[in-house]
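# Report on the structure
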Amino acid sequence: MAQHPDYPGVSPMVTRHGKTLWRYRRKGKEAMMPGEPHTPEFDAAYSAIIEGRALPNADVIRHPKAAAPRSLKAAYQLLKQEDEWLALDPLKTQATYARTIERILDLPAGNNSTIGDGPFADLERAHVKNILKHFPTHMARTALICMKKLTMIALDQEWIKHDPTYRLKKNTPTQGHHPWPADIMAKFEAKWPIGSRPRTAYALALWLGNRVSDVARLSWSHYTVKQIMIDGTLCEYEGFEFVQWKGRKKKGEAMFLPMTPMLATELAPLERDPEGPVLKKQLKSKKRGWFYADITLTIAMAEWCEKAGIPPGYTMHGLRKSLGVKLAEADASTRQIMDTLGHRNIAYAELYTRKASQARLAIQAMDKVSAMETARRKPRLIVSNKK
């Protein structure tokens, strides 16, 4: 209903009994007004709301989504309007950050208030450290990232002059997803035959180096045959061409990954529906047809590994890392690793090459030492000319 012309923010509401009541709703405040407009009690209540005082005869109800000016909640509301935030995957990264930030904002701060209600200017380094203690080790890193995002908003808005998160360390650095060693791969392959869903998911992640999101979305419509000039010879290669799901909002370019003999063997028994997924789900859902959802596929891989007798910690993303290791061990260049795995940051690709080079160089060096020691310890026949 339209607002009252003499009282901005006040509008009428009619009860189911036909009685008209007046309600103030504006700037995060909500209150039922006493009496009728232009009466003393109504005017007193309206003045109290506008001036931020307590109502004499009515209770002000704070809207649950309201944010005090320059508070952590206000920073969060601004963060959600940033292009960088909107570019995040709404079902994964954005949802994870949102849950973490909302958990931070709801932490108690005394006097029946929460951390989110407090002014950003009052946030000190010790407070940030205490916030991180509320999260287990594996979530503390995400919590610190979220605090840094909120802090950047406060700095940009000039609510604060110093960064309370500056040089704070992420709790207990981890090695991330483990690459699968040969014995773990052998266990999985022994349990799941070629053509089964577990084996197909395994093969796509390993021989294409795909993330879970790309394995779930890979369709036979992505299959193509390309003619490419290699060393002066026109060659024909079959493979898959697609835009990685992670970089889709950053105008990621389509990448082509060739079909290796290993992958061709794994996919040979599969039915090739031109519009269907390469990895087909057992039961068709109404929303995505035969395609897996990312989280469903992640959970499924964990279950398949458990049934194969594989210990926890080996994931589908670990198979992507396994391909990176194989590429480095085959002397692929940093650029080749980047273009195969779709990395934009050279540091990720160099991590594989450094590890492979370190092992290779160490082996070569120790082989030289072993040869030298073997020669030194070999008995020598000394012939004397003395009579």
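Structural data are supplied above this passage.
Okay, so let's go over this structure. (Residues numbered from 1 in each chain as written. Predicted model: local features only at pLDDT ≥ 70, side-chain atom pairs only at ≥ 80, totals over all residues. Heavy atoms only, no water.)

## Thoughts on the nonpolar core
The nonpolar side chains of a soluble globular protein tend to be buried with one another. Which entries qualify depends on this criterion: Buried residues of nine kinds, namely Ala, Val, Leu, Ile, Met, Phe, Trp, Tyr and Cys, make up a nonpolar core once their side-chain atoms join them within 4.5 Å. Three labels apply to residues, based on accessible area from a 1.4 Å probe with only protein chains included: buried if under 20% of the type maximum, exposed if over 50%, partly exposed otherwise in between. Note on conventions: DSSP H or I runs of at least 4 residues are helices, E runs of at least 2 residues are strands, and numbering of each starts at the N terminus.
One finds Trp180, Phe188, Phe240 and Leu297 to be the most contacted residues of the largest nonpolar core, which totals 38 residues. Residue assignment for this core shows that the elements contributing at least two residues are α7 (182-191), α8 (197-207), α9 (212-217), β8 (233-242), β9 (255-258), α10 (261-267), α11 (294-307) and α12 (316-329). Among the elements that make up this core, the one with the highest residue count is α8 (seven residues). The next biggest cluster of nonpolar side chains, apart from the first, holds 31 residues, and it includes Ile145, Leu150, Ile160 and Leu168.

## What to know about a negative patch on the surface
To keep it simple, the criterion reads: In this analysis, a patch consists of residues with relative accessible area above 30% that form no salt bridge, clustered at 9 Å for like charges and at 5 Å for the nonpolar side chains Val, Leu, Ile, Met, Phe, Trp and Tyr. Surface exposure here means Shrake-Rupley accessible area, sampled with a 1.4 Å probe, where a residue is shielded only by the protein chains that are shown. Salt bridge, as used here, is a side-chain nitrogen of Lys or Arg placed within 4 Å of a carboxyl oxygen of Asp or Glu. Think of it this way: Lys and Arg go in the positive column, Asp and Glu in the negative one, and His and the chain ends go nowhere. Here the site of a charge means NZ on Lys, CZ on Arg, CG on Asp, or CD on Glu.
On the surface, a cluster of negative charge is contributed by Glu82, Asp83, Asp156 and Glu158. Turning to its location among the elements, glutamate 158 is positioned in the loop between α6 (137-156) and α7. For glutamate 158, a relative accessible area of 67% puts it in the exposed group.

## As for the pattern of salt bridges
Within this structure, the stated rule accounts for nine salt bridges. Note that glutamate 241 and lysine 226 form a salt bridge whose closest N and O atoms lie 3.3 Å from each other. Taken together, the residues span a long stretch of sequence, with glutamate 241 in strand β8 and lysine 226 in strand β7 (residues 223-230) at a distance of 15 residues. Glutamate 241 gets classed as partly exposed once you look at its relative accessible area, which sits at 29%. Close ionic contact of glutamate 373 with arginine 377 constitutes a salt bridge, the shortest N to O distance being 3.4 Å. Here the residue glutamate 373 and the residue arginine 377 both occupy positions in helix α14 (residues 346-377), the gap between them amounting to four residues, near one helical turn. Given a relative accessible area of 23%, glutamate 373 falls into the partly exposed group. A single network of salt bridges, built from pairs that share partners, joins Glu373, Arg376 and Arg377.

## Regarding helix α1 (residues 40-50)
Selection rule: Think of the arc as the fan of directions from the helix axis to the C-beta atoms.
Of the residues making up α1, those classed as buried are Phe42, Ala45, Tyr46, Ala48 and Ile49. Here the buried residues of α1 occupy an arc of 160 degrees about the axis, which is enough to place them on one side.

## So, the packing of α8 against α12
A pair of packed helices is characterised by two quantities: the angle between their axes and the separation of those axes. Keep this limit in mind: Throughout, an axis means a line fitted to C-alpha atoms (over the contacting stretch in the case of helices), and angles, computed between N-to-C directions, take values from 0 to 180 degrees. The scheme is simple: roughly parallel for angles under 35 degrees, roughly antiparallel for over 145, roughly perpendicular for 65 to 115, oblique for anything else. In this scheme the crossing of two helices becomes right-handed for a clockwise turn of the near helix relative to the far one and left-handed for an anticlockwise turn of less than a right angle. Contacts are assigned to residue pairs with any non-hydrogen atoms lying within 4.5 Å of each other. For this classification, the nonpolar set comprises Ala, Val, Leu, Ile, Met, Phe, Trp, Tyr, Cys and Pro, the charged set comprises Asp, Glu, Lys and Arg, and every other residue, Gly included, is treated as polar.
Relative to each other, α8 and α12 sit at 40 degrees, their axes nearing to 7 Å. As the angle between them shows, α8 and α12 are arranged oblique. Considering the relative orientation of α8 and α12, their crossing is right-handed. Across the interface between the two elements, Ala201, Tyr202, Ala205, Leu206 and Trp207 of α8 pack against Met316, Leu319, Arg320, Ser322, Leu323 and Lys326 of α12. Taken together, the residues of the contact of α8 with α12 sort by class into eight nonpolar, one polar and two charged.

## Structural notes on the packing of aromatic side chains
When we look at a pair of aromatic rings, we describe it by the centre distance and by the angle of the planes. How we decide: We call Phe, Tyr and Trp rings a pair once their centres come within 6.5 Å, taking the six-membered ring for Trp, and we label the pair stacked below 30 degrees between planes, edge-to-face above 60, and tilted otherwise.
All told, the structure shown has 11 aromatic pairs when counted by the stated rule. Between tyrosine 24 and tyrosine 46, the ring centres sit 6.1 Å apart and the planes meet at 70 degrees, which makes this aromatic pair edge-to-face. Of the two residues, tyrosine 24 sits in strand β2 (residues 20-26) while tyrosine 46 sits in helix α1, which places them 22 residues apart along the sequence. Side by side, tyrosine 24 and tyrosine 46 carry an identical accessibility label, which is buried. Here the aromatic cluster, defined as three or more aromatic residues joined through ring pairs, consists of Tyr7, Tyr24, Phe42 and Tyr46.

## Details of the sheet that holds β7
To keep things clear, this is the line we draw: Pairing between strands is defined by DSSP: at least two bridges between them are needed.
Taken together, the three strands give an open sheet; going across it, the order is β7-β8-β9, and neighbouring strands pair in antiparallel fashion. Two strands lie at the open edges of the sheet, namely β7 and β9, each paired on one side alone. For this sheet, the mean angle separating the axes of adjacent strands, direction not counted, is 50 degrees. Two elements, β7 and β8, share eight bridges in a ladder whose sense is antiparallel. Directly across from methionine 229, in β8, lies its bridge partner leucine 234.

## Observations concerning the packing of helix α4 (residues 93-105) against α6
Here α4 crosses α6 at 80 degrees, and the two axes come no closer than 9 Å. The pairing of α4 with α6 is recorded here as roughly perpendicular in orientation. Between α4 and α6, the contacting residues are Thr96, Tyr97, Thr100, Ile101, Arg103 and Ile104 on the first element and Met139, Thr142, Ala143, Ile145, Cys146, Met147, Lys149 and Leu150 on the second.

## Structural notes on a positive patch on the surface
A cluster of basic side chains, namely Arg125, Lys129, Lys133, Arg167 and Lys169, defines a positive patch on the protein surface. Note on placement: arginine 167 falls in the loop between α6 and α7.

## So, the side chain of histidine 4
Counted only if it meets this: For this analysis, a polar contact is any N or O atom pair within 3.5 Å, provided that within protein one partner can donate a hydrogen and the other can accept it, and provided that sequence-adjacent residues contribute only side-chain to side-chain pairs.
Structurally, the position occupied by histidine 4 is in the segment before β1 (10-14). Here histidine 4 falls in the buried class, since its relative accessible area comes to 14%. Reaching out from histidine 4, the side chain makes a polar contact with the backbone nitrogen of aspartate 6 at a distance of 3.0 Å. The contacts of histidine 4, once residues within four sequence positions are left out, are Val10, Trp22, Pro37 and His38.

## Some details on the side chain of threonine 151
Tracing the chain through its elements places threonine 151 in helix α6. Beyond its immediate stretch of four places on either side in the chain, threonine 151 contacts Phe120, Ile160, Asp163, Pro164 and Thr165.

## Structural notes on a nonpolar patch on the surface
A grouping of Ile228, Ile230 and Tyr237 is seen on the molecular surface, where their side chains present a nonpolar patch of about 220 Å² in accessible area. Within the fold, isoleucine 230 resides in strand β7. With relative accessibility at 35%, the residue isoleucine 230 sits in the partly exposed group.

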